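# Survey of secondary and tertiary structure
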Amino acid sequence: MPRPIVFSGPSGAGKSTLLKKLFKEFPGKFGFSVSSTTRSPRQGEIDGKDYNFVTVEEFQKMIRENKFVEWAQFSGNYYGTTIASVKQVSDAGKWCILDIDMQGVKSVKQTDLNARYVFIAPPSVNALRERLTGRGTETESSLAKRLAAAAAELEYAETGAHDKTIVNDDLDKAYGELKSFVFEEQ
Ligand SMILES: Nc1ncnc2c1ncn2[C@@H]1O[C@H](COP(=O)(O)OP(=O)(O)OP(=O)(O)O)[C@@H](O)[C@H]1O
């Protein structure tokens, strides 16, 4: 059974960029788990495919029963990734990718998911600031928040919590390193 691969690293380090390349080169090989949420389905959304739609009571019960790898509340709704949803991807023969923060990494480490951990690091904090500014998605306060979180992520990476650290300086070089890591052991 393919082992889940956990991506983490500061916001703006390039996780989405690298994952997009990987999914494009190997279509159908990798998968994301289906998240659970208490928000109502939007038109066209399918239960079990887009999200697992559950009630607040169910979600809270699942939290108590430690069913989640990670969960959070955004604008009044709960969202989370269950251990079962990660296993479902592996059961289907796909390599499950998780893109999560350090709290999520710590939490996955406490499960029996037997994941592999790759940390995507920026070449420097200044480069990170420039990328986040260049992406055009941040306000001054969200930028400050992300940079503060980045410091904690980098500190956590220094404890050796990950199997591999990839510095995303030159994108093609980083992508090459990522492919070596992803395919070396499965
Ligand atoms: N090697 C690179 N060199 C220069 N710019 C890059 C590189 N990799 C990614 N970028 C750019 O940096 C910005 C942040 O990248 P991306 O959105 O992939 O980060 P992320 O880690 O997925 O962030 P988040 O966690 O916020 O989703 C994007 O504008 C992207 O185009």
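Residues numbered from 1 in each chain as written. Predicted model: local features only at pLDDT ≥ 70, side-chain atom pairs only at ≥ 80, totals over all residues. Heavy atoms only, no water.

## Some thoughts on the side chain of Thr-82
So the rule is basically this: Working definition: helices are DSSP H or I runs of at least four residues, strands are E runs of at least two. Numbering for both runs from the N terminus. Throughout, a residue-residue contact means that at least one pair of heavy atoms, one from each residue, lies within 4.5 Å.
Mapped onto the fold, Thr-82 is located in strand β6 (residues 77–82). With residues near it in sequence (within four places) discarded, Thr-82 still touches Ser-36, Met-62, Lys-67, Phe-68 and Val-69.

## Overview of the sheet that holds strand β9 (residues 164–167)
Our working rule: Two strands are counted as paired when DSSP detects at least two bridges linking them. An axis is simply a line fitted to the C-alpha atoms; with a helix, the fit covers only the stretch in contact. Between two such axes, the angle follows the N-to-C directions and lies from 0 to 180 degrees.
If you walk across this open sheet you meet the five strands as β2-β7-β1-β8-β9, and the pairing is parallel. Looking at which strands have only one partner, the edges of the open sheet turn out to be β2 (30–32) and β9. The mean angle between the axes of side-by-side strands here comes to 30°, regardless of whether they run parallel or antiparallel. As paired strands, strand β1 (residues 5–8) and strand β7 (residues 95–99) are joined by three bridges and run parallel to one another.

## Some words on the UniProt feature "domain: Guanylate kinase-like" (unreviewed entry) in the protein chain
This is how it is decided: UniProt positions are given in the numbering used here, feature names are shortened, and annotations may be inferred rather than shown by experiment.
If you check UniProt for "domain: Guanylate kinase-like" (unreviewed entry), the listed places come out as residues 2–183 in our numbering. Within the segment residues 2–183, helix and strand shares are 43% and 21% respectively, and the terminal C-alpha atoms sit 11 Å apart.

## Quick notes on the nonpolar core
This is how it is decided: Here, nonpolar core refers to any group of buried Ala, Val, Leu, Ile, Met, Phe, Trp, Tyr and Cys residues whose side-chain atoms link them within 4.5 Å. Remark: exposure states derive from per-residue accessible area (1.4 Å probe, protein chains only) relative to the maximum for the residue type, with buried under 20%, exposed over 50%, and partly exposed in between.
Residues Ile-5, Phe-7, Val-118, Ile-120, Leu-178 and Val-182 are the most contacted members of the largest nonpolar core, which totals 22 residues. At the level of secondary structure, the elements contributing two or more residues to this core comprise β1, α1 (15–25), β7, β8 (116–121), α5 (125–135), α6 (140–157) and α7 (171–183). Looking at this core, the element that brings in the most residues is α7, giving five residues. In contact with Val-118, other than residues within four places in its own chain, are Ile-5, Val-6, Phe-7, Ser-8, His-162, Lys-164, Ile-166, Leu-178 and Phe-181.

## Points about the pattern of salt bridges
Applicable threshold: Whenever a carboxyl oxygen of Asp or Glu lies within 4 Å of a side-chain nitrogen of Lys or Arg, that contact is scored as a salt bridge.
For the coordinates displayed, the defined rule picks out 10 salt bridges. In this structure, Glu-184 and Arg-116 form a salt bridge, with 3.6 Å as the shortest nitrogen-oxygen distance. Of the two residues, Glu-184 is situated in the segment after α7 and Arg-116 in strand β8; the sequence distance between them amounts to 68 residues. Glu-138 is paired through a salt bridge with Arg-146; the nearest N and O atoms lie 2.8 Å apart. Note on Arg-146: relative accessible area 32%, which makes it partly exposed. Counted as one network, the salt bridges with shared partners bring together Lys-61, Glu-65 and Lys-67.

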